[in-house]
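# What the coordinates show
Here are the chains, one letter per residue:
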Amino acid sequence: MSEQTKKRFITSDDLKKHNQPGDLWISIQGKVYDVSHWVKSHPGGEAAILNLAGQDVTDAFIAYHPGTAWRHLENLHNGYHVKDHHVSDVSRDYRRLAAEFSKRGLFDKKGHVTLFTLTCVAAMLAAVVYGVVACTSIWAHLISAVLLGLLWIQSAYVGHDSGHYNVTSTKPCNKLVQLLSGNCITGISIAWWKWTHNAHHISCNSLDHDPDLQHIPVLAVSSKFFKSMTSRFYGRRLTFDPLARFLISYQHWSFYPIMCVGRINLFIQTFLLLFSRRHVPDRALNIAGILVFWTWFPLLVSFLPNWQERIIFVFLSMAVTAIQHVQFCLNHFAADVYTGPPNGNDWFEKQTAGTLDISCRSYMDWFFGGLQFQLEHHLFPRLPRCHLRGVSPVVQELCKKHNLPYRSLSWWEANVWTLRTLRKAAVQARDVTNPVLENLLWEALNTHG
């Protein structure tokens, strides 16, 4: 009997039926895998599989997993193959490009970015401690606050890198870098980051599946949020109540002030996850890392001479990190959005539609952590940041070949686009809230708002 006749086949429609918890099937290159029980063990979290279950996930699997991951699949193969499996021209080119990068060793050549960045972070932290403890000048304290904000930004980039790929030679060392750069230095749990960030990558700019767009009641990038949709990520209703209407009506004015205190929300989200009933990998280590942060940071602030300076120091250090928060918003807020789960068959298309690049000179790559090449990062999240500029022309050519958007804006243009998006939603929120005459009066008074 031939190998072909031994195979059991199902259709893509049959595969779609297996997309609920307890019954989760996926296909990779036409082979079907039952991940119903394994999903809780998935290193990337449950959300990634739950969002793509019942579909072909080849492109997403290639994007997120090294070659060594393929050997683990066979234990999950249930014997079925997808009869009508089809690969689009875009996916075929994407997979060819990923294979070429792998052959060139780009995923393994990490350079010395992590060592350089952590050295800079350590030097800045030493300067901050000296400026606070050994200096009495308020200007020294203010400069220290700015330096603290900058080192938080750079440390977060290291945490981001180590969350996507091994920045060190061994996994235990990589985990140590994650906990050090995330929990201990910035006070933001790497477990929380992985939980939300992997879901963001998989469901890039899906209004009900991407947690990075779900900021009700303070921000909304689309009027579709005004229908109080349910977040499939958080499993709760995003209620558009009178408070949300009021706040969103002025979000194009409040956007930057919100970013200045956005770090407080990250602290809150970290505590909510670590002390929740959810399954949290390495919960104890993450809590220990957070305790390290909440020991050294208040202790540092306590060395300042009075409460006025302490408040200014804390606010200024957090306000500096607004640069990073704004950057992340620029990469997605003004891009295309959609509702519903991601589709495994249009991985490349969804990433191009949901991202915006920020153009800058090469000497500024360190400042943006490489994430100004947002599309390149989303297509190849395991690619070390030192290669993102180099692969950018190839990605541009591929987008051009398939008539897909490749948008690279200056920092100024990206801010304009983002504020325009926020203002459009703000005006629509007022239209929902106020009678027509009041809207006309408001528009007359705020023509250039």
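Residues numbered from 1 in each chain as written. Predicted model: local features only at pLDDT ≥ 70, side-chain atom pairs only at ≥ 80, totals over all residues. Heavy atoms only, no water.

## A closer look at the pattern of salt bridges
Here is the rule: By salt bridge we mean one thing: a side-chain nitrogen of Lys or Arg within 4 Å of a carboxyl oxygen of Asp or Glu. The helix and strand labels rest on DSSP assignments: H or I over at least four residues marks a helix, E over at least two residues marks a strand, and numbering proceeds from the N terminus. The rule is simple: take the accessible area with a 1.4 Å probe, protein chains only, and divide by the maximum for that residue type; under 20% is buried, over 50% is exposed, in between is partly exposed.
Under the definition given, this model contains 15 salt bridges. Residue D13 pairs with K16 through a salt bridge whose shortest N-O separation is 3.9 Å. Residue D13 and its partner K16 are both found in helix α2 (residues 12-16); the two are separated by 3 residues, about one turn of the helix. One salt bridge in this structure joins K350 and D346, with 2.8 Å as the shortest N-O distance. Using a relative accessible area of 22% as the deciding quantity, one classes K350 as partly exposed. Each member of the salt-bridge network shares a partner with another, and the members are D56, D59 and R95.

## What to know about the environment of N183
Rule in force here: Any two residues having at least one pair of non-hydrogen atoms within 4.5 Å are treated as being in contact. Under the rule applied, a polar contact is a pair of N or O atoms within 3.5 Å (in protein, one hydrogen donor and one hydrogen acceptor; residues adjacent in sequence only if both atoms are side-chain atoms).
Following the sequence through the fold, N183 ends up in helix α8 (residues 171-186). Residues contacting N183, with those up to four places away along its chain left out, are Q178, I188, S189, I190, N286, G289, I290 and F293. Of the polar contacts made by the side chain of N183, one reaches the backbone oxygen of N286; its length is 2.9 Å.

## As for the UniProt feature "domain: Cytochrome b5 heme-binding" (unreviewed entry) in the protein
As a reminder of what qualifies: UniProt positions are given in the numbering used here, feature names are shortened, and annotations may be inferred rather than shown by experiment.
Mapped onto this numbering, the UniProt entry annotates "domain: Cytochrome b5 heme-binding" (unreviewed entry) at residues 7-91. Regarding residues 7-91, the helix share stands at 26% and the strand share at 25%, and the terminal C-alpha atoms are separated by 25 Å.

## Here's the deal with the pairing of strand β5 (residues 77-82)
Selection rule: Whether two strands pair comes down to DSSP finding at least two bridges between them.
Both strand β1 (residues 8-10) and β5 contribute to a ladder of 3 bridges, which runs parallel. From the neighbouring strand, F9 faces β5, where its bridge partner is H81. Bridge count for strand β4 (residues 31-34) against β5 is 2 bridges, and the pairing is antiparallel. Across the sheet, residue K31 finds its bridge partner in β5, namely H81.

## Description of the UniProt feature "transmembrane region" (unreviewed entry) in the protein
The UniProt feature table records "transmembrane region" (unreviewed entry) at residues 113-132, 138-155, 255-275, 287-305 and 311-330. Taken end to end, residues 311-330 has its terminal C-alpha atoms 29 Å apart, with 95% of it in helix and 0% in strand.

## Here's the deal with helix α11 (residues 251-260)
Selection criterion: Working note: the arc is built from the helix axis to C-beta atom directions.
Of the residues making up α11, those classed as buried are Q251, H252, F255 and M259. Buried residues along α11 cover an arc of 80 degrees about the axis, so they all sit on one side.

## Observations regarding the packing of α8 against helix α13 (residues 283-302)
Formally: Note on method: axes are straight lines fitted to C-alpha atoms, helices fitted across the in-contact stretch only, with angles between N-to-C directions ranging 0 to 180 degrees. Put simply, angles under 35 degrees are roughly parallel, angles over 145 are roughly antiparallel, angles from 65 to 115 are roughly perpendicular, and the rest are oblique. Helix crossings get a hand from a simple test, with the near helix turned counterclockwise from the far one by less than a right angle marking a left-handed crossing and a clockwise turn marking a right-handed one. The residue classification treats Ala, Val, Leu, Ile, Met, Phe, Trp, Tyr, Cys and Pro as nonpolar and Asp, Glu, Lys and Arg as charged. All others, Gly included, are polar.
Packing of α8 against α13 brings their axes to within 7 Å, and their N-to-C directions diverge by 40 degrees. By the angle between their axes, α8 is oblique relative to α13. For the crossing formed where α8 meets α13, the hand is right-handed. Touching K175, L179, N183, C184, I185 and T186 of α8 are L285, N286, G289, I290, V292, F293 and W296, all from α13. A breakdown of the residues in the contact of α8 with α13 according to their chemical character gives 8 nonpolar, 4 polar and 1 charged.

## Side note on the nonpolar core
Put simply, the rule reads: For this analysis, a nonpolar core means a set of buried residues of the types Ala, Val, Leu, Ile, Met, Phe, Trp, Tyr and Cys, connected via side-chain atoms within 4.5 Å.
W347, F348, L379 and F380 are the most contacted members of the largest nonpolar core, which totals 40 residues. Ignoring sequence-local partners within four residues, the contact set of W347 consists of D59, A60, A63, Y64, Y94, H201, I202, H378 and L379.

## As for unusual backbone geometry
A cis amide bond, omega 15 degrees, links I216 with the succeeding residue P217. For P217, the location among the structural elements is in the loop between α9 (190-202) and β6 (230-231). At Q29, a residue that is not glycine, the phi angle is positive and equals roughly 55 degrees. Among the structural elements, Q29 can be located in the loop between β3 (23-28) and β4. For Q29, a relative accessible area of 46% puts it in the partly exposed group.

## Details of the sheet that holds β1
A sheet is described by the order of its strands in space; here 5 strands give the open sequence β1-β5-β4-β3-β2, paired in mixed fashion. Bordering the open sheet on either side are β1 and β2 (19-20), each of which pairs with just one other strand.

## So, the packing of aromatic side chains
Stated precisely, the cut-off is as follows: Only the six-membered ring of Trp is used, alongside the rings of Phe and Tyr, when aromatic pairs are assigned; centres must lie within 6.5 Å, and planes under 30 degrees apart are stacked while those over 60 apart are edge-to-face, with the rest tilted.
For the structure on display, the rule yields 27 aromatic pairs. Aromatic pair W195 and F233: ring centres 4.6 Å apart, planes at 40 degrees, arrangement tilted. With a gap of 38 residues between them, W195 in helix α9 and F233 in the loop between β6 and β7 (236-237) connect regions that are remote in the sequence. Since its relative accessible area comes to 23%, W195 is described here as partly exposed. Judged by relative accessible area, F233 falls into the buried class, the value being 9%. Plain terms: the ring middles of W366 and F367 are 5.6 Å apart, the flat faces sit at 80 degrees to each other, and that makes the pair edge-to-face. Classification of W366 by relative accessible area gives partly exposed; the value is 46%. The rings of W152, F267, F271, F275, F293, W294, W296 and F297 are connected pair by pair, giving a single aromatic cluster.

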